[in-house]
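Below, each chain spelled out in residue letters.
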Amino acid sequence: GAVVSQHPSRVICKSGTSVKIECRSLDFQATTMFWYRQFPKQSLMLMATSNEGSKATYEQGVEKDKFLINHASLTLSTLTVTSAHPEDSSFYICSASSPGANTEAFFGQGTRLTVV
Amino acid sequence: QKEVEQNSGPLSVPEGAIASLNCTYSDRGSQSFFWYRQYSGKSPELIMFIYSNGDKEDGRFTAQLNKASQYVSLLIRDSQPSDSATYLCASWTGTYKYIFGTGTRLKVLA
């Protein structure tokens, strides 16, 4: 299957700082990328859908000024958590897909963010 | 609200038995359905997908789809302890959005 690479896999940052997470599709062009957050023992919560070259679509309740998403190319999307707080500590996962009816979502390895 | 529902479990089965995981969905417009396996602290990995009514088999796994009942299931034959994980059911709605269930935790007892 296709490969989606997410970096970093683990990051610890101080409260009030910003953290950038990268998601790259290595062997296909991803017109759409999804960003999820997952708290312990809970399912994936879609945060936003990013389309190459246009603004991301955020899910209800997700602050777009806090979670900045950039999808500048067909192979790279970034999520920046601005002014991080301890409650932002979570597992962030990106996925990418190509257009099509029965296309699977390919997941990155996930980023464990801990804000101290 | 479009939903995908799963029993959270845990579902415990002895090694070698058949594990049956179930999922229902509310959006009749859903086109495809995916089963992902997620180990603790890891990202989901695709097991298989199904989009036509009936059964689809891949090795020890069989996915079943019944669109009239809005029901999807995953059977795991000859369950192994390494199959112990959380299984996520997801639907693809046709608007480039996947909707995930909360997952069912499976425990295969050695």
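Before reading further, recall that the structure is shown in the block above.
To keep things clear, this report deals only with the structure shown in the data block. All values reported here derive from a predicted model rather than from experimental measurement. (Residues numbered from 1 in each chain as written. Chains lettered and ligands numbered in written order. Predicted model: local features only at pLDDT ≥ 70, side-chain atom pairs only at ≥ 80, totals over all residues. Heavy atoms only, no water.)

A look at the overall build of chain A
Moving on, step 1. Helices and strands together make up the secondary structure of chain A, namely 0 helices and 11 strands.
Moving on, step 2. Starting at the N terminus and walking to the C terminus, you meet the elements of chain A as β-β-β-β-β-β-β-β-β-β-β.
Moving on, step 3. Relative to the compact-globule value of 13 Å for 116 residues, chain A shows a C-alpha radius of gyration of 13 Å, a close match.
Moving on, step 4. In terms of overall dimensions, chain A has a C-alpha envelope of 40 × 25 × 20 Å along the principal axes. (Helix = DSSP H or I, 4+ residues; strand = E, 2+ residues; numbered from the N terminus. Rg over C-alpha atoms; globule rule 2.2 N^0.38 Å.)

Some details on the interface of chain A and chain B
Moving on, step 1. On the side of chain B, 20 residues touch chain A, which itself brings 24 residues to the contact.
Moving on, step 2. Interface area for chain A against chain B, summed over the two sides, is near 1,700 Å², with a carbon-plus-sulfur share of 55%.
Moving on, step 3. Connecting chain A to chain B are 0 salt bridges.
Moving on, step 4. Taken together, the links from chain A to chain B amount to 5 residue pairs in polar contact (both at pLDDT 80 or more).
Moving on, step 5. Sorting elements by how many residues they give to the side of chain A that touches chain B places strand E4 (residues 32-38) of chain A first, with 4 residues.
Moving on, step 6. The residue makeup of the side of chain A that touches chain B, split by class, is 10 nonpolar, 11 polar and 3 charged. (Contact = heavy atoms within 4.5 Å. Buried area = accessible area lost by both parts, 1.4 Å probe. Salt bridge = Lys/Arg side-chain N within 4 Å of Asp/Glu carboxyl O. Polar contact = N/O pair within 3.5 Å; in protein donor to acceptor, adjacent residues only side chain to side chain. Nonpolar A, V, L, I, M, F, W, Y, C, P; charged D, E, K, R; others polar.)

A closer look at the side chain of Ser91 of chain B
Moving on, step 1. Examined against the element boundaries, Ser91 of chain B turns out to sit in strand E9 (residues 85-92).
Moving on, step 2. Each residue touching Ser91 of chain B, except ones within four places of it in the same chain, is listed here: Val4, Ser30, Ser32, Phe33, Lys97, Tyr98 and Ile99 of chain B.

Overview of the nonpolar core
Moving on, step 1. In terms of nonpolar packing, the biggest core is built from 25 residues, with Val4, Trp35, Phe67, Leu79, Tyr92 and Leu113 of chain A touching the most fellow members.
Moving on, step 2. Secondary structure elements with two or more residues in this core: strand E2 (10-13), strand E3 (19-25), E4, strand E5 (45-51), strand E7 (67-73), strand E8 (76-81), strand E9 (90-97) and strand E11 (111-115) of chain A.
Moving on, step 3. Grouped together as the second largest cluster of nonpolar side chains are 23 residues, Val13, Cys23, Leu65 and Tyr87 of chain B included. (Core = buried A, V, L, I, M, F, W, Y, C linked by side-chain atoms within 4.5 Å. Buried < 20%, exposed > 50% of the residue type's maximum accessible area, 1.4 Å probe, protein only.)

As for the environment of Leu109 of chain B
All names here are of chain B.
Moving on, step 1. If you trace the backbone, Leu109 turns up in strand E11 (residues 104-109).
Moving on, step 2. Spatially, the C-alpha atom of Leu109 lies 21 Å from that of Gln6, the residues being 103 residues apart in sequence.
Moving on, step 3. Once residues lying within four places of it in the same chain are set aside, the contact partners of Leu109 are Ser12, Val13, Pro14 and Glu15.

Overview of unusual backbone geometry
Moving on, step 1. Note the cis peptide between His7 of chain A and Pro8 of chain A, where omega equals 0 degrees.
Moving on, step 2. Mapped onto the elements of the fold, Pro8 of chain A is located in the loop between strand E1 (4-7) and E2.
Moving on, step 3. Between Gly9 of chain B and Pro10 of chain B the backbone carries a cis peptide bond, its omega angle lying at 10 degrees.
Moving on, step 4. Here Gln70 of chain B, not a glycine, exhibits a phi torsion of approximately 55 degrees, which is positive.

Here we look at the sheet that holds strand E8 (residues 71-76) of chain B
Pairing between sheet strands relies on hydrogen bonds along the backbone, with the strands arranged either parallel or antiparallel.
Residue and element names in this part refer to chain B.
Moving on, step 1. Spatial ordering of the open sheet is given by E1-E3-E8-E7-E6, a layout of 5 strands whose pairing is antiparallel. This sheet does not close on itself; its edge strands, each paired only once, are strand E1 (4-5) and strand E6 (54-58).
Moving on, step 2. Sheet analysis places E6 next to strand E7 (residues 61-66), joined by 5 bridges and oriented antiparallel. Note on E7: the bridge partner recorded for Lys56 is Ala63. (Pairing = 2+ DSSP bridges.)

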